[in-house]
Number of protein chains: 2
Amino acid sequence: MNKSEVPDEVINRLYIYARCLEGFREEGKKSFSSDDIADRLNIKSTLVRKDFSYIGTMGKRGVGYDTEEVLKEVNQIAFPIKERKVALIGVGKLGSALLNFYGFKTQGFKIALAFDKDRRKIGSEIRGIKIDDINNFKKRVKKEGIKIAIIAVPSEEVVNVIKEIKNSCIEAVLNFTPSYLSSLNNCSNDFIIRNIDLSSELARLSYYLSEKESTKRN
Amino acid sequence: MNKSEVPDEVINRLYIYARCLEGFREEGKKSFSSDDIADRLNIKSTLVRKDFSYIGTMGKRGVGYDTEEVLKEVNQIAFPIKERKVALIGVGKLGSALLNFYGFKTQGFKIALAFDKDRRKIGSEIRGIKIDDINNFKKRVKKEGIKIAIIAVPSEEVVNVIKEIKNSCIEAVLNFTPSYLSSLNNCSNDFIIRNIDLSSELARLSYYLSEKESTKRN
DNA sequence: GTAGATTTGTTATTATAATCACAAAGTGAG
DNA sequence: CTCACTTTGTGATTATAATAACAAATCTAC
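Residues numbered from 1 in each chain as written. Chains lettered and ligands numbered in written order. Predicted model: local features only at pLDDT ≥ 70, side-chain atom pairs only at ≥ 80, totals over all residues. Heavy atoms only, no water.

Quick notes on the interface of chain B and chain A
Frequently, the measure chosen for interface size is the accessible area removed from exposure when the parts meet.
Piece 1. Chain B puts 66 residues into the contact, and the matching count from chain A is 66 residues.
Piece 2. Interface area for chain B against chain A, summed over the two sides, is near 6400 Å², with a carbon-plus-sulfur share of 63%.
Piece 3. Connecting chain B to chain A are 10 salt bridges.
Piece 4. With its nearest N and O atoms 2.6 Å apart, the salt bridge here joins D197(A) to R19(B).
Piece 5. At the surface where chain B touches chain A, the tally comes to 28 residue pairs in polar contact (both at pLDDT 80 or more).
Piece 6. A per-element tally of the side of chain B that touches chain A places helix α10 (residues 198-217) of chain B first, with 17 residues.
Piece 7. Taken together, the residues of the side of chain B that touches chain A break down into 34 nonpolar, 14 polar and 18 charged. (Contact = heavy atoms within 4.5 Å. Buried area = accessible area lost by both parts, 1.4 Å probe. Salt bridge = Lys/Arg side-chain N within 4 Å of Asp/Glu carboxyl O. Polar contact = N/O pair within 3.5 Å; in protein donor to acceptor, adjacent residues only side chain to side chain. Helix = DSSP H or I, 4+ residues; strand = E, 2+ residues; numbered from the N terminus. Nonpolar A, V, L, I, M, F, W, Y, C, P; charged D, E, K, R; others polar.)

So this is what it looks like as structure tokens:
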């Protein structure tokens, strides 16, 4: 099956399935039914089966799915590359936390380069990564063949960072700045972008909470 | 218009619109057309207009929308409560970064309580917040009337944290643990949950990158 | 005031995603 | 072997979301 025929929504759920299956594995659950997953994730079992059918996963009728087999297949699609180097831009509080974040490593990602514009930070080292001057970004990223950048700078810096990235061989961006980047704000190259807006995430929670509170009152 | 009639997809975009409008404001752009937003966000202008119609925003035909007016209206819906206190569970690298994160404050969120199980951390202070023993969670959260919790513990701790939360007056959860929580894993109360899985986010980028790379080759 | 250019607001249409419904395949007890 | 029970896989159906199409409103220039 051609990957690109798999709908994005299904791809998104793949990562959720992966976590769930890892859970099954830890619990020693060797096999599972679509209902097992569905119950745990609060979705319909038909959705699980249909998703699995997209990625070609095969269960046994009357029996279910083999945990290891499906996990392997899901991982093959969701994590197609074993090792991927990444560049971090902005080594403030959030940036440092990301540098120290163990979860990236376990999923095969390595922050190989870290950049900042602050003279006091440049040259210092975190977890064996020497923080480099953002002015060297293009050169160093090219040399390492890095295509993914994480932006974790204050929002007022994002404009400069975008310039730097446009000018480099970066093709995908994980943006923690509270400015929504879309295709790196309409440059000709097409970038792959994911925006993580932490305060908006809290706000969304708060929104649904308020909604719940108001319906309770009425 | 009743809030609950606004589709979730529209609500999600509200936060994106808000960022965009803040951008307009900073640029001194007093008014804008649906095309202005659409171009910047790489979406269709009809979608913008339709979304705005849901929230009752009114533009002027032949003219456009007033930046301040729309921003006010969007914010009223997207950020219905001016001040919301939040509890943080897990003051490791990520937790500390969140405690220091300025963006929460500007959006009206305050991490009022922070908890950990590590004896060495309990009692110490970050940004004026004294780190408390997780065993006091229920009591303290109730006293402060907090309904939102942020989980930033290592994944092996999440089971215990869930127990603690179920047992408390928490109603909404922002989960940074790489375990997908759905309705706090099927307890009777219905929780509002948003999962932020940082390594999955990177993995998603990597997926689309690989896809791009492979189509380029073919 | 009118014509031509803009731009909104909304209905109709199309596209996409989720769910249902059920046949097909497998299991296990007797 | 047969019957009752599970559970998958998928075509048909329904629900939801995005886009297109266009009338209605406003603006500008003359």
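Brief notes about the pattern of salt bridges
Residues and elements named next belong to chain A.
Piece 1. Tallied over the full model, the rule gives 34 salt bridges over all chains.
Piece 2. With a closest N to O distance of 2.9 Å, R25 and E68 form a salt bridge. With R25 in helix α1 (residues 8-26) and E68 in helix α4 (residues 67-78), the pair connects residues that are 43 residues apart, well separated along the chain.
Piece 3. By relative accessible area, R25 is classed as partly exposed at 42%. (Buried < 20%, exposed > 50% of the residue type's maximum accessible area, 1.4 Å probe, protein only.)

Looking at the protein's contact with DNA strand C
Piece 1. Not every one of the 21 residues close to DNA strand C is listed here, only the nearest: R61(A), S34(B), R49(B), G59(B) and Y65(B).
Piece 2. For DNA strand C, the backbone portion of the atoms within 4 Å of the protein, that is sugar and phosphate, comes to 63%.
Piece 3. R61(A) has a polar side-chain atom sitting 2.8 Å from a base nitrogen of DNA strand C.
Piece 4. At the level of secondary structure, the elements contributing two or more residues to the surface near DNA strand C comprise α1 and α3 (45-54) of chain A together with α3 (45-54) of chain B.
Piece 5. When residues of the surface near DNA strand C are assigned to their parent elements, the largest contribution, three residues, is made by α3(A).
Piece 6. Per-class residue counts for the surface near DNA strand C are six nonpolar, six polar and nine charged. (Near = heavy atom within 4 Å.)

Remarks on the protein's contact with DNA strand D
Piece 1. Taken together, 23 residues are adjacent to DNA strand D, and S34(A), R49(A), G59(A), Y65(A) and R61(B) come closest.
Piece 2. Sugar and phosphate atoms represent 64% of those atoms of DNA strand D found within 4 Å of the protein.
Piece 3. R13(B) places a side-chain nitrogen or oxygen 3.0 Å from a phosphate oxygen of DNA strand D.
Piece 4. For the surface near DNA strand D, the secondary structure elements donating two or more residues are α3 of chain A together with α1 (8-26) and α3 of chain B.

Comments concerning the relation of the copies chain B and chain A
Piece 1. Superposition record for chain B on chain A: RMSD 0.0 Å, screw rotation 180 degrees, translation along axis 0.0 Å. Accordingly, the operation relating the two chain copies is best matched by a two-fold axis. Identified as the residue of chain B closest to the rotation axis by C-alpha distance is A97(B), at 3.2 Å.
Piece 2. The residues that chain B uses at the interface reappear at the interface of chain A in 100% of cases, marking a shared surface. (Least-squares fit on C-alpha atoms with pLDDT ≥ 70 in both.)

Brief notes about the domain arrangement of chain A
Piece 1. By domain assignment, chain A separates into domain 1 (3-78) and domain 2 (84-200).
Piece 2. Averaged C-alpha coordinates put domain 1 of chain A and domain 2 of chain A at centres separated by 32 Å. (Domains from an automatic or database assignment.)

Topic: a negative patch on the surface
Piece 1. Together, D8(A), E9(A), D8(B) and E9(B) give the surface a local cluster of negative charge.
Piece 2. With respect to the helices and strands, E9(A) occurs in helix α1. (Patch = residues over 30% accessible without salt bridge, like charges linked within 9 Å, V, L, I, M, F, W, Y side chains within 5 Å. Areas by Shrake-Rupley, 256 points an atom, 1.4 Å probe, with all protein chains shown as cover. Lys, Arg positive; Asp, Glu negative; His and termini not counted. Charge placed at Lys NZ, Arg CZ, Asp CG, Glu CD.)

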